[in-house]
Amino acid sequence: MQLDLNLLAALDALLEEGSVAGAADRLHVTAPAMSRSLGRIRRTTGDQILVRTGRTMTPTPYALAVREQVHDLLQQVQGVLAPSRELDLATLDRTFTLRWHDALVSLSGPALMTAVREQAPGVRLRFIAESSIDTPELRRGEVDLAANGDRPTAPEIRSHRVAETKQVIVVRRGHPLTLVETVTAARYAAAEHITVSRRGKLGNILDEELARLDLTRRVVATAPTERAAFEFVRGSDLVVTAPESTTRSVAADLGLAMLPLPFDLPPARAYLSWHQRYDTDPAHIWLRDLARTALVNAMTGQDRSRST
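Since the model is a prediction, treat every value here as computed from it, not as a measurement.

Basis of the calculations
- Residues numbered from 1 in each chain as written.
- Predicted model: local features only at pLDDT ≥ 70, side-chain atom pairs only at ≥ 80, totals over all residues.
- Heavy atoms only, no water.
- Helix = DSSP H or I, 4+ residues; strand = E, 2+ residues; numbered from the N terminus.
- Rg over C-alpha atoms; globule rule 2.2 N^0.38 Å.
- Buried < 20%, exposed > 50% of the residue type's maximum accessible area, 1.4 Å probe, protein only.
- Contact = heavy atoms within 4.5 Å.
- Areas by Shrake-Rupley, 256 points an atom, 1.4 Å probe, with all protein chains shown as cover.
- Lys, Arg positive; Asp, Glu negative; His and termini not counted.
- Charge placed at Lys NZ, Arg CZ, Asp CG, Glu CD.
- Pairing = 2+ DSSP bridges.
- pLDDT = per-residue confidence, 0-100.
- Phe/Tyr/Trp six-rings, centres within 6.5 Å; stacked < 30°, edge-to-face > 60°.
- Axes fitted to C-alpha atoms, helices over the stretch in contact; angles between N-to-C directions.
- Core = buried A, V, L, I, M, F, W, Y, C linked by side-chain atoms within 4.5 Å.
- Parallel < 35°, antiparallel > 145°, perpendicular 65-115°, else oblique.
- Nonpolar A, V, L, I, M, F, W, Y, C, P; charged D, E, K, R; others polar.
- Left-handed = near helix turned anticlockwise from the far one by under 90°.

Colleague: I'd like a rundown of the overall build of the protein chain, residues and numbers included.
Modeller: For the protein chain, the count of helices and strands is twelve helices and twelve strands. Its C-alpha radius of gyration of 31 Å places the protein chain more than 25% over the 19 Å reference for a compact globule of 308 residues. When the backbone C-alpha atoms are referred to their principal axes, the protein chain occupies close to 105 × 40 × 25 Å. The burial tally for the protein chain puts 42% of its 308 residues in the buried class. Relative to all contacts within the protein chain whose residues are 6 or more apart in sequence, the contacts with residues 24 or more apart total 73%. Counting every atom, the protein chain has about 17000 Å² of accessible surface; 50% of that belongs to carbon and sulfur. Separation of charge centres in the protein chain, based on 38 positive and 37 negative side chains, amounts to 2 Å.

Structure below.
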């Protein structure tokens, strides 16, 4: 059996108006067209729906019994086919799952949480750790929003570059590199290094740049997060190279020193990524805007400038 949803709208109008002419005016169709729709409804249901009593039409017992159900069904259909784009933040009840780089969570997560709580107290943020392997959670809908230094390549994944920051050398205060007048590329390469890699990689783009200068460095360890690498650095003469924006506040807390790199290196970038299914979702758009603002402010130092 094939159903015509237009008949549902016609039936709702007929039951509400109690006449063919009134229903036709309500749906902006001609009276003959509405009369034909009534005929089809009668054939489909096997009921007269409206019967003439003098100059008026009276709904049948069946029509009276299904009137509210028909109206509710029509509202549901309209909600599916023509969803409202209005967003009531005060009543929004939703959990968003965010897979962010650990440094970005520490840097801008608190500001995002504050903004969300102020505007939509019923919303929950679920931050989860990045995996050591590539995972398809964004594509499967298990993650709503990702934030890291990788620009996605899958065509169905949207991304926005929120900010970029220069790379800096991070060492303990009193480290030999802090005692020289100039940190040269040769001095930098001669130090012992620790890298940051959730996959445990010992090498990265730094080694490629050093190779252009005919230099190599000695990497003695790798840590899965920047914070873990900083703990190694604070108690040794190890050197770690990290993004300046995610290092700034932690370095101050741990008593670490930041030094400029003695050679050019592409800046570290942060991307906000989501699946295209959420492109027009009002709640997701709202969260993306808040997340973008929190990340930009934190990575450009605007939060710090406002608090000082």
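Colleague: So, the pairing of strand β2 (residues 56-59): which residues are in play, and what are the values?
Modeller: Pairing analysis gives four bridges linking strand β1 (residues 50-53) to β2, with the strands arranged antiparallel. Bridge pairing in β2 links V51 to T58. Between β1 and β2, which pair antiparallel and follow one another directly, the connecting turn spans two residues, one of which, G54, has a positive phi of 70°.

Colleague: Please set out the confidence of the model for the protein chain residue by residue, giving values where relevant.
Modeller: Of all residues in the protein chain, 94% have pLDDT values of 70 or greater, and the mean over the chain is 89. Of all the helices and strands in the protein chain, helix α12 (residues 302-307) carries the lowest mean pLDDT, 51, while helix α7 (residues 185-190) carries the highest, 97.

Colleague: Provide a residue-level description of the packing of aromatic side chains, including the pertinent values.
Modeller: Within the structure shown, the criterion is met by two aromatic pairs. Ring geometry for W100 versus F127: centroids 5.4 Å apart, planes at 80°, classification edge-to-face. Here W100, found in strand β3 (residues 94-100), pairs with F127, found in strand β4 (residues 123-128); they are 27 residues apart in sequence, far enough to count as distant. For the ring pair Y188 and F263, a centre distance of 5.5 Å and an interplane angle of 65° mean the geometry is edge-to-face. Of this pair, Y188 sits in helix α7 while F263 sits in the loop between β11 (256-260) and β12 (268-275), and the two are 75 residues apart along the sequence. Neither residue differs from the other here; Y188 and F263 are each classed as buried.

Colleague: An account of the sheet that holds strand β5 (residues 145-148) is needed here, citing residue identities and associated values.
Modeller: Pairing is mixed across the open sheet formed by five strands, whose spatial order is β4-β3-β5-β12-β6. Taken across any chain shown, the strands that pair with only one partner, and hence form the sheet edges, are β4 and β6 (157-165). Neighbour to neighbour, the strand axes of the sheet diverge by 20° on average, direction disregarded. Sheet topology places β3 next to β5; three bridges connect them, and they run parallel. The partner of R99 across the bridge, within β5, is A146.

Colleague: How would you summarise the sheet that holds β11 if you had to cite specific residues and measurements?
Modeller: Here three strands make up an open sheet; going across it, the order is β10-β7-β11 and the pairing antiparallel. Edge positions in the open sheet fall to β10 (240-243) and β11, since each of these has one partner strand only. Along the sheet, successive strands turn relative to each other by an average axial angle of 40°, direction set aside. As judged from the five bridges shared by strand β7 (residues 167-172) and β11, these two strands associate in the antiparallel manner. Each bridged residue has a counterpart across the sheet, and for V170 the counterpart in β11 is M258.

Colleague: Outline the nonpolar core, supporting the account with residue identities and numerical values.
Modeller: Ranked by size, the top nonpolar core spans 30 residues in total, and within it W100, L112 and W286 carry the most contacts. Every element with two or more residues in this core is listed here: β3, α5 (102-119), β4, β5, β6, β12 and α11 (282-300). Setting aside its immediate chain neighbours within four residues, L112 contacts L98, W100, L125, F127, L287, L290, A291 and A294. Membership of the second largest hydrophobic core comes to 20 residues, among which are L14, I41, L50 and L74.

Colleague: So what's going on with the packing of helix α1 (residues 5-17) against helix α3 (residues 31-45)? Residues and values would help.
Modeller: For the pair α1 and α3, interaxial distance at closest approach is 10 Å and the crossing angle is 105°. With respect to α3, the element α1 is oriented roughly perpendicular. The segment α1 lies against α3, with L7, A10, L11 and L14 engaging M34, S37, L38, R40, I41 and T44. Along the lines of polarity and charge, the residues of the contact of α1 with α3 split into seven nonpolar, two polar and one charged.

Colleague: Describe the packing of helix α2 (residues 20-27) against α3, with residues and values.
Modeller: It is at 8 Å that the axes of α2 and α3 come closest, and there the two elements cross at 110°. Of the possible angle classes, the one that applies to α2 and α3 is roughly perpendicular. You can see that α2 and α3 cross each other, and the crossing is right-handed. The segment α2 lies against α3, with V20, A23, A24 and L27 engaging A31, M34, S35 and L38.

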